[in-house]
Amino acid sequence: MSDRPVRDFSRSTAVLVGTARYRHLRPVEAAEHSLDRMRRLLTGELCGWPEDRVTVLADVPGEVNLPDLLVELFSGAGDTALFYFVGHGQADEADELCLALPGTREDADRRATTSLPYKAVRHALRASRATTTIVLLDCCHAGLAVSPDGRLAAGGDLIGLARTPGGALIGAAGPYRSARFEERSADGRPHTVFTRCLAEIVEEGVPGGPEVLTVGLLFRLLRDRLEREGKPVPTGVLSGAAGEFVFARNAAARVAPVTPVEQAAPVVPVAAPVRKRARRFAPAVALTIAAALTGYLLAPEVLGGGGTAVAGTLTGSRASLSSAEVDLSAEGALDWVQWGYQPSDATAPERFPQNPAARCTYNPYCVVRRAGTLLIGNFATLGTDPAVRIHDGEQPVSFAWHGGTPYASARDARSVVYQGGPGAGFLILVPGGTSVRTLRLYAGHHQAALHCAASFRDGGGPVYTDDADIEPNRLNANYYLVYTITFRPTDPSRPLEVRLTMTREYGGGNVALLAATLS
């Protein structure tokens, strides 16, 4: 494994806040150890964040204007901003999440005035220049940070950041649900259940898994493990390419033995001089864990013999599909994904059943993935209209799979996600890695011309483009395509970016995504 930094952290900020000692609420020793564990996790060799990029605020006293301090700290984030909180969480009289501080009161009418309201965190992230945000809430009622319609913020913009192309929020419990913490532990350092589980997954790694652990994969592993153990199930929302942001190297995929992370010195509680101390760190404060559309964060590795970098390659081709039966599990040796599927499609009597889209486990557009991996990123829409899921029982292209999640297997799946309207299209990211990979992207277009552009993020290197139009005598037909893109970047930290856009519209046109495989 390379000892080079996972990525450049000079424009990123992480702020970790924890409260263990309370005057009016039950003390939580586990919060103190979890706060320290999260800091050590981020700054350890698997995640690789420099110490001076992470600010830790423990037991913040009442005289500190924490909402203003967060604005100041996150003002130094131009790339990624991470916020982590561990401690008690309460709901105020307006059902807003309140993050408890040492002086927080239990009285409903004083919770908001004596706590850190989550809306203040949202404001600080919105005020920053960060293009990607990650929020990790290890507290009761964490799901209140997600609005009822699935947004991460009131007012319609994800995590309250209008300029953010990707973001993630993962909470230890749903709305009005309790998180858990250990009273005692075998190592003498009790933790909260959520943080201990997250740290153990990263430190132990995933045997047989990919070289890196993304946020989306970690979220799924967290949910599965805690649900199996009968613990509170985390809640979360991922937007844009947040799920593909690399959180850490996979410890189980390492050639060399894992070196135990040294225990850092105890976190110093925040005292009155915190404002001066934080201001000193602010130009270069810290980042985080998980989610970015701005830079994929795959671990740079030494390529070829003697550290010689391998030349990048990117080629592509398009094939039309008049009919096809694709076994995604057989074709996608590294990963596969299918969009739009619902189990009820198999018995739908109509060609276009107008049943509402299910609230799927991980994605509102019913994404089914290969279990245990998350390499092919979920799409980000490019247009102004919402993406729509639909099943067409007479569609000539169908898909089958096994070993999937949340639906283990299916046959004859004929569903898509499509977008129409101004600027219609989709953006997908796929990690570059160190070997040649092949992405097969199944797409479609209707009463519209389709443009495909594939390149490596951050510019430079080869580019593949293609334009597909309709036939004059088949104006109202659906056109089905498969793009085969073979690629390897010069720098393995640079992901492949594929854009499908509608370039010409003939009335009611749209662009569709069906499935993708990676081998």
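The model shown is predicted, which means the values in this text are computed figures rather than measured ones. (Residues numbered from 1 in each chain as written. Predicted model: local features only at pLDDT ≥ 70, side-chain atom pairs only at ≥ 80, totals over all residues. Heavy atoms only, no water.)

## Section: the overall build of the protein
- If you tally the helices and strands in the protein, you get 8 helices and 26 strands.
- For the protein, buried positions account for 58% of its 519 residues.
- Here the analysis covers contacts within the protein between residues at least 6 apart in sequence; of these, 81% occur between residues at least 24 apart.
- Of the accessible surface of the protein, which amounts to about 20,700 Å², a share of 51% is contributed by carbon and sulfur atoms. (Helix = DSSP H or I, 4+ residues; strand = E, 2+ residues; numbered from the N terminus. Buried < 20%, exposed > 50% of the residue type's maximum accessible area, 1.4 Å probe, protein only. Contact = heavy atoms within 4.5 Å. Areas by Shrake-Rupley, 256 points an atom, 1.4 Å probe, with all protein chains shown as cover.)

## Here's the deal with the confidence of the model for the protein
- Chain-level pLDDT for the protein is 79 on average; 79% of the residues reach the 70-or-more range.
- Long-range and interchain partners of residues 147-165, a stretch whose pLDDT sits below 50, account for 46 contacts in this model, where long-range means more than four residues apart.
- In this model, residues 255-309 is a region of pLDDT below 50 whose contacts with residues beyond four sequence positions or in other chains number 176 contacts. (pLDDT = per-residue confidence, 0-100.)

## A short note on the pairing of strand S1 (residues 13-18)
- For S1, the tally of buried residues reaches 6 of 6 residues, placing the bulk of the element in the interior.
- Of the two faces of S1, the one lined by Thr-13, Val-15 and Val-17 and the one lined by Ala-14, Leu-16 and Gly-18 are each fully buried.
- Sheet topology places S1 next to strand S3 (residues 80-86); 6 bridges connect them, and they run parallel. Following the sheet pairing, Val-15 is matched in S3 by Phe-83.
- Across 5 bridges, the pairing between S1 and strand S2 (residues 54-58) is parallel. Bridged to Gly-18 within S2 is Ala-58.
- Crossover handedness for the path S1 to helix H1 (residues 29-43) to S2: right-handed. (Pairing = 2+ DSSP bridges. Right-handed = clockwise from strand over helix to strand, strands pointing away.)

## Details of the packing of helix H2 (residues 66-74) against helix H4 (residues 118-127)
- Where H2 contacts H4, the axes come no closer than 8 Å and their chain directions differ by 25 degrees. Judged by the angle between their axes, H2 and H4 are roughly parallel. Of the two elements, H2 crosses H4, and the hand of that crossing is right-handed. Of H4, the residues touching H2 (which contributes Pro-67, Leu-70, Val-71 and Phe-74) are Ala-120, Val-121, His-123, Ala-124, Leu-125 and Ala-127.
- Across the contact of H2 with H4, the residue classes tally to 9 nonpolar, 1 polar and no charged. (Axes fitted to C-alpha atoms, helices over the stretch in contact; angles between N-to-C directions. Parallel < 35°, antiparallel > 145°, perpendicular 65-115°, else oblique. Left-handed = near helix turned anticlockwise from the far one by under 90°. Nonpolar A, V, L, I, M, F, W, Y, C, P; charged D, E, K, R; others polar.)

## Some words on the sheet that holds strand S5 (residues 97-99)
- What the 3 strands build is an open sheet, ordered S4-S5-S6; its pairing is antiparallel. Of all the strands in the sheet, the pair left with one neighbour each is strand S4 (89-91) and strand S6 (116-117).
- In this structure, S5 lies alongside S6, joined through 2 bridges in antiparallel fashion. The residue bridging Leu-99 from the neighbouring strand is Leu-116, located in S6.

## What to know about helix H5 (residues 193-204)
- Compared with an ideal rise of 1.5 Å per residue, which puts 12 residues at 16 Å, H5 spans 16 Å between its outermost C-alpha atoms and is within 8% of the ideal.
- Most of H5 sits inside the fold, with 10 of its 12 residues counted as buried.
- Taken residue by residue, H5 has Val-193, Phe-194, Thr-195, Arg-196, Cys-197, Leu-198, Ala-199, Glu-200, Ile-201 and Val-202 as its buried positions.
- Positive backbone phi, approximately 80 degrees, marks Gly-205, located one or two places after H5. (Expected span 1.5 Å × (residues − 1).)

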